[in-house]
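Residues per chain are reported as follows:
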Amino acid sequence: MLLAVVAFATACTKDAAPIAVAQLVFGKVTDSVLVARTYQLAVTALDASGNVVNRKPKYSTTTPLLAEVDANGLVTPKLAGDAQFRAELDGKVASFLLRIATPAANVVVTPVNSDIPVGQVRSMTVSVTSSTGSTVAGRVIEWRTSNPAVATVNSQGVVSAVAIGSAVITAETTFDQVRGNATVNVIPLSVASVQMTPSTNQLVRISGTLQVNATARDAGGSIIAGRPVNWSSSNATVASVTSAGLVTGISVGTAVIQAEVDGRTGTVNVIVTEVPAKTVTLAPTTLALNSGQIQQLIPTVIDSLNRQVSSLANRSVVWASSNVVVAGVAQTGVITGVSGGTANISVTVDGIRSNDVVVTVTDLVASVQLSPSVAQLLRIGTSVQLTATPRNSLGQPLSGRTINWSSTNPTIASVSQSGLVNGISAGSVLITAESEGRTASVNVSVTPIPIASVTLPVADTLVVFDVKQFVPVVVDTAGNTVTSFLNRSVLWESQNQPIATVNNSGIVNTSAEGTAPIRVIIDGVSSNFMQLRASFIDRMTVAPDPMTLSVNQSQAFIVTYLDVIGNVLKSTRKPTFESLNNPIATVSAGGLVSARAPGQADIRVTLTGLPPLIAKVTVQP
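One numbering rule holds for all chains: residues counted from 1, following each sequence as written. Note on the predicted model: pLDDT of at least 70 is required for a residue's local features to be given, and 80 or more for side-chain atom pairs to be given and counted; whole-chain, interface and lining totals, by contrast, use all residues. As a convention, hydrogens and water are excluded, and side-chain values are obtained from all of the structure's heavy atoms.

### Points about the overall build of the protein chain
(1) Moving on: Secondary structure is summarised from DSSP: a helix means a run of H or I of at least four residues, a strand means a run of E of at least two, and numbering begins at the N terminus for each. The number of helices and strands found in the protein chain is zero helices and 67 strands.
(2) Moving on: Our radius of gyration is a C-alpha quantity, and the globule rule it is checked against amounts to 2.2 Å times the number of residues to the power 0.38. Here the protein chain has a C-alpha radius of gyration of 65 Å; the compact-globule value for 621 residues is 25 Å, and the former is much larger.
(3) Moving on: Dimensions along the principal axes, computed over C-alpha positions, put the protein chain at roughly 210 × 95 × 50 Å.
(4) Moving on: Only protein chains enter the accessibility calculation, which uses a 1.4 Å probe; a residue whose area is less than 20% of its type maximum is buried, one above 50% is exposed, and one in between is partly exposed. Classification of the 621 residues of the protein chain by burial places 37% in the buried group.
(5) Moving on: Contacts are assigned to residue pairs that have any heavy atoms within 4.5 Å of one another. In the protein chain, once contacts between residues fewer than 6 apart in sequence are set aside, the share between residues at least 24 apart is 55%.
(6) Moving on: Throughout, the Shrake-Rupley method with a 1.4 Å probe supplies accessible areas, and for residues the shown protein chains are the sole cover considered. Of the roughly 31,900 Å² that the protein chain leaves accessible, carbon and sulfur atoms contribute 53%.
(7) Moving on: Across the protein chain, 37 positive and 33 negative side-chain charges occur, with their mean positions spaced 2 Å apart. Think of it this way: Lys and Arg go in the positive column, Asp and Glu in the negative one, and His and the chain ends go nowhere. Charge placement uses NZ in Lys and CZ in Arg. For Asp and Glu, CG and CD serve respectively.

The structure is reproduced here in structure tokens:
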């Protein structure tokens, strides 16, 4: 703090007048002080000649809420802010600005603890707060290190890692002299990558070697020397590697060679191949095949070390045909005869070409083409002509070849050896043409002759709850009576189902008294409507009554059912017969009377729901 010195002129005598003040000057225009600390204002009084006048001015403040000042210029701050002060003497005035600041209580350096690789830098940050936790801004920070041989720090808080070890970095506010610390650990430089040389896929022959080098680099790409390298192979049976990175080919295949440094790895693919081929030979030198026939060729390969090669799995093998129209060859060495002619077959192994094998191919039937080739539809009694053309493997027609024709079901459709197909009965068959073991087939469907007419009885009667099957009279367009409806569309219909229903077999069930029109539609042709009347049985009659027989003769009763108006009814219901004098005449369950001895016998005829009838039988000697 600067002390205010007030110069006042001394007089030689008690009555001498004081020296006049021309100017008041503060030592500083502005300054700073912390709350709860005092500050001494320093002002100098000067006369007109610039000499110091030893007189004390009067002090005051325009901001009494922020600070107070006493008669000697001692300031007592109360609140943070910009406080204004005045010094006045002989009408002369000087002003002073005092910035009152909140004291800093804490300084925190971030990060508090950090690891920095040798040669790298790290920026530190600082936070200054008051005792209440509020941020204190505008403080000048002084940085220093406890161990500059390990880590240095500049005025901006940037730490440079110098050598392995630890150092304490301190940040201190010059105004408050409050400090904070952080620990820096300087660690060895980290390996970021491992560079392999060579880096691309490498080709090695069996027993051959390859030197691979590994270089450790940091994140910036700089070389890190002196680190141990661990070498390994993903498949040591294919390629091995020494601790110095020397790779040796063991067997055919692929292996990944890896170098590891401090957990970082680099790799290179190594492909191990066979010893080169020296000669390639094919045998036999001539070969005869039919078209479609196959033959496997196996080359004899001698390598450059005069050893016979047992496997071509890992070698370049290319088979070739001079005329693929005659004979083709797969890359497995399988020859296929295609069409008549001659072709030369060869193989090249690791760039070494073999001798030629001359292949002679004889044409065989490879396929049979039918015309027409789509499914055929025939009516019974009609025919269609099929034509079969044998072809070779190139699709060329072959003449003079035998064609064998057959049908899977000659009872439906037969075929002649000229390919003529005849429809015999309804159904479907497969017609096949065969030549030299090659076949072609076509589906033939035979349909019935169209229906011309369908006829049912004009009328009929049934007892209610009885069942009866009706069979229509059907005539086709050729005038034939149709007795089988297999493969035909048959639809029966009742137009009064509450009275009678009918299923698709023509079986009628009656359920109430009345009339129901019944018809049948066959292949779209409708019959007439049969008027079927369903009635309850009102009574029955037995004939003959009386019946006259001679001993040992037999005769059957005929029972007739009638409805209430006398219509004859047909029914599946059967009456029961009982002889009331068996020694004279007996009767069977079906109503057959047999005469046993002369005399009279009554036969009782019974039907559920009706009163019984008594028929008279007379037996003569």
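### Notes on the side chain of Ser114
(1) Moving on: Within the element layout of this structure, Ser114 appears in strand 11 (residues 113–117).
(2) Moving on: On the basis of relative accessibility, which here comes to 5%, the residue Ser114 falls in the buried class.
(3) Moving on: Those residues in contact with Ser114 that sit more than four places away from it in its chain are Arg122, Thr183, Val184 and Asn185.

### Remarks on the sheet that holds strand 30 (residues 294–296)
(1) Moving on: At least two DSSP bridges between two strands are required for those strands to pair. The strand order 30-34-33 describes an open sheet built from three strands, whose pairing is antiparallel. Edge positions in the open sheet fall to strand 30 and strand 33 (327–329), since each of these has one partner strand only. Direction aside, neighbouring strands of the sheet carry axes that sit 20° apart on average.
(2) Moving on: Pairing of strand 30 with strand 34 (residues 334–337) involves three bridges; the strand directions are antiparallel. Looking across to strand 34, one finds that Gln295 is bridged to Ile335. Only the contacting stretch of a helix is used when fitting its axis, a line to C-alpha atoms as for every element, and angles between N-to-C directions run 0 to 180 degrees.

### Quick notes on the packing of aromatic side chains
For any two aromatic rings, the description comes down to two numbers: the centre-to-centre distance and the angle of the planes.
(1) Moving on: Think of it this way: a Phe, Tyr or Trp ring, Trp meaning its six-membered ring, pairs with another when their centres are within 6.5 Å, and the plane angle makes it stacked under 30 degrees, edge-to-face over 60, tilted otherwise. By the definition in use, this model includes four aromatic pairs.
(2) Moving on: Measuring from centroid to centroid gives 5.9 Å for Tyr39 and Phe96, while their planes differ by 15°, and the two rings are stacked. Here the residue Tyr39 occupies a position in strand 3 (residues 39–40), and Phe96 occupies one in strand 9 (residues 92–101), the gap between them amounting to 57 residues.
(3) Moving on: Take Phe96: its relative accessible area is 3%, and that puts it in the buried class.
(4) Moving on: Each residue in the set Phe26, Tyr39 and Phe96 is aromatic and connected to the rest through ring pairs, giving one cluster.

### Remarks on a nonpolar patch on the surface
(1) Moving on: A patch consists of residues whose relative accessible area exceeds 30% and which take part in no salt bridge; residues with like charges are grouped when within 9 Å of each other, and nonpolar side chains (Val, Leu, Ile, Met, Phe, Trp, Tyr) when within 5 Å. By definition, a salt bridge exists where a carboxyl oxygen of Asp or Glu is found within 4 Å of a side-chain nitrogen of Lys or Arg. Taken together, the side chains of Val324, Val325 and Leu394 present a nonpolar region at the surface, about 250 Å² in accessible area.
(2) Moving on: Positionally, Val325 belongs in the loop between strand 32 (317–321) and strand 33.

### Structural notes on the confidence of the model for the protein chain
(1) Moving on: Of the residues in the protein chain, 97% reach a pLDDT of 70 or more, and the chain-wide mean stands at 91.
(2) Moving on: The predictor attaches a confidence to each residue, and that confidence, scored 0 to 100, is pLDDT. When the criterion is pLDDT under 50, residues 1–13 qualifies, and its contacts beyond four places in sequence or with other chains add up to 36 contacts.

### Structural notes on the sheet that holds strand 59 (residues 547–550)
(1) Moving on: Read across the open sheet, the four strands follow the order 59-67-66-63; overall the sheet is mixed. The outermost strands of the open sheet, each flanked by one partner alone, are strand 59 and strand 63 (576–579). For this sheet, the mean inter-axis angle between neighbouring strands, taken without regard to orientation, is 25°.
(2) Moving on: Bridge analysis of strand 66 (residues 599–606) against strand 67 (residues 613–620) gives seven bridges, and the strand direction is antiparallel.

### Re the pairing of strand 26 (residues 253–261)
(1) Moving on: Here strand 26 shows a buried face lined by Gly253, Ala255, Ile257, Ala259 and Val261 and an unburied face lined by Thr254, Val256, Gln258 and Glu260.
(2) Moving on: Judged from the four bridges that link them, strand 23 (residues 230–233) and strand 26 form a sheet pairing that is antiparallel. Counted as the bridge partner of Ser233 is Ile257 from strand 26.
(3) Moving on: Summarising the sheet, strand 26 and strand 27 (residues 264–273) pair through nine bridges and their orientation is antiparallel.

### Quick word on the pattern of salt bridges
(1) Moving on: Counted by the stated rule, this structure contains 22 salt bridges.
(2) Moving on: Notably, a salt bridge pairs Lys78 with Glu68, separated by 3.8 Å at the nearest N-O pair. In this pair, Lys78 is assigned in the loop between strand 7 (74–77) and strand 8 (81–89) and Glu68 in strand 6 (residues 67–69), connecting sequence segments 10 residues apart.
(3) Moving on: Across the pair Glu578 and Arg604 runs a salt bridge whose closest N-O atoms are separated by 2.8 Å. Here Arg604 lies in strand 66 and Glu578 lies in strand 63, a separation of 26 residues in the sequence.
(4) Moving on: Here the salt bridges share partners, and the residues they tie into one network are Glu142, Arg144, Glu172 and Arg179.

### Some remarks on the side chain of Asp218
(1) Moving on: Examined against the element boundaries, Asp218 turns out to sit in the loop between strand 22 (213–217) and strand 23.
(2) Moving on: For the buried residue Asp218, which engages in no salt bridge, the nearest side chain bearing the opposite charge is Arg217, 7.2 Å off.
(3) Moving on: Nitrogen and oxygen atoms within 3.5 Å of one another constitute a polar contact, given that in protein one can donate a hydrogen and the other can accept it, and given that sequence-neighbouring residues count only through two side-chain atoms. Here the side chain of Asp218 touches Gly220 through a polar contact of 2.9 Å, landing on its backbone nitrogen.
(4) Moving on: Of the polar contacts made by the side chain of Asp218, one reaches the backbone nitrogen of Ser222; its length is 2.8 Å.

### Here's the deal with the pairing of strand 65 (residues 592–595)
(1) Moving on: With three bridges joining them, strand 60 (residues 554–556) and strand 65 adopt antiparallel strand pairing. Paired with Gln555 across the two strands is Val593, which belongs to strand 65.
(2) Moving on: As judged from the three bridges shared by strand 64 (residues 585–587) and strand 65, these two strands associate in the antiparallel manner. Within strand 65, the residue paired with Val587 across the bridge is Val593.
(3) Moving on: Between strand 64 and strand 65, which pair antiparallel in sequence order, lie four residues; one of them, Gly591, sits at a positive phi of approximately 95°.

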